[in-house]
Amino acid sequence: MKAQPALMGEAAAREGRYFDLCVVGWTANNEAARMTAEEVVFSSGRPTLILPGDEDVGLLDHVVIAWDGSCVAARAAADARRFLRRASAISIVTVTDEKVLPREDTGCLARGLAASGLQAKAESIHTGGNEIGAVLQDHAIRIDGSLLVMGGGGHSRLREVVLGWATEGILSDLRLPVLMSH
């Protein structure tokens, strides 16, 4: 694919629509890589696997799902099925002090996955006043997660820019592979 650097994300998103999964590389302090990742997540209509740096990511066998009960989180969990079926461990993480959640029961998704033959452990965590994207990644790394699954930007773009958002935090400091759906 050929495109001017400023249009690379748009071209990648357009091409990604013809595939089941988009894969995008991410490099720290590289605005073009970040813009491409954002454009593919928000405009391709496909789940996007964002891979950090140049290092080998190894097996993506412990999947950590960031769950808040939103439609983008549900879409991400559904889009991750191919990874979930191959996972040796599935963890569902709900951050309970960041926003009002639609349900108090963090085990609903785990029960839904169990009905499909997938065993998952659900847990709640708190931000402790820290940025949500950093908290999710820190927790995933702490429990030896190898893939973080999350919805990408469930609010209006203006609200995301003004209030801050998990997607922003992830894309500004990506430390493990992330599967994002919008």
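Parameters and conventions
Residues numbered from 1 in each chain as written. Predicted model: local features only at pLDDT ≥ 70, side-chain atom pairs only at ≥ 80, totals over all residues. Heavy atoms only, no water. Helix = DSSP H or I, 4+ residues; strand = E, 2+ residues; numbered from the N terminus. Buried < 20%, exposed > 50% of the residue type's maximum accessible area, 1.4 Å probe, protein only. Polar contact = N/O pair within 3.5 Å; in protein donor to acceptor, adjacent residues only side chain to side chain. Core = buried A, V, L, I, M, F, W, Y, C linked by side-chain atoms within 4.5 Å. Contact = heavy atoms within 4.5 Å. pLDDT = per-residue confidence, 0-100. Salt bridge = Lys/Arg side-chain N within 4 Å of Asp/Glu carboxyl O. Axes fitted to C-alpha atoms, helices over the stretch in contact; angles between N-to-C directions. Left-handed = near helix turned anticlockwise from the far one by under 90°. Nonpolar A, V, L, I, M, F, W, Y, C, P; charged D, E, K, R; others polar.

Visitor: Outline the side chain of Ser146, listing residues and values.
Guide: Locating Ser146 in the fold gives a position in the loop between α6 (132-142) and β6 (147-151). Looking at Ser146, the relative accessible area reads 11%, which means it is buried. Of the polar contacts made by the side chain of Ser146, one reaches the backbone oxygen of Leu59; its length is 3.4 Å.

Visitor: Could you give an account of the nonpolar core, naming the residues involved and the relevant values?
Guide: Residues Ile50, Leu136, Leu148, Met150, Ile170, Val178 and Met180 are the most contacted members of the largest nonpolar core, which totals 28 residues. Look past the residues within four positions of Leu136 in its chain and what remains in contact with it is Ala66, Val93, Val95, Leu148 and Ala166.

Visitor: Would you mind going over the confidence of the model for the chain in detail, with residue names and values included?
Guide: Mean pLDDT over the chain: 86, with 85% of residues reaching 70 or higher. Of all the helices and strands in the chain, helix α7 (residues 157-163) carries the lowest mean pLDDT, 44, while strand β3 (residues 62-66) carries the highest, 97. This stretch, residues 158-164, has a pLDDT under 50; its non-local contacts, to residues over four places away or in other chains, come to five contacts.

Visitor: Now, about the pattern of salt bridges: what can you tell me, with residues and values included?
Guide: In total, this model carries five salt bridges according to the counting rule given. Between Glu10 and Arg14 there is a salt bridge; the shortest N-O distance is 3.6 Å. Residue Glu10 and its partner Arg14 are located together in helix α1 (residues 8-16), separated by four residues, close to a single helical turn. Across the pair Glu38 and Arg34 runs a salt bridge, and its minimum N-O distance is 3.0 Å. One end of the pair is Glu38 and the other is Arg34, both in helix α2 (residues 31-43) and four residues apart, which spans about a single turn. Arg34 matches Glu38 in its accessibility class, with the two residues each being buried. Here the salt bridges share partners, and the residues they tie into one network are Asp138, Asp173 and Arg175.

Visitor: A description of the packing of α1 against α2 should follow, citing residues and the corresponding values.
Guide: Remark: α1 packs on α2, axes separated minimally by 8 Å, with the N-to-C direction vectors making an angle of 35°. The two elements α1 and α2 cross, and the hand of that crossing is right-handed. Taking contact as the criterion, the partners of Met8, Gly9, Glu10, Ala12 and Ala13 in α1 are, on α2, Thr36, Glu39, Val40 and Ser43. A per-class count over the contact of α1 with α2 returns four nonpolar, three polar and two charged.

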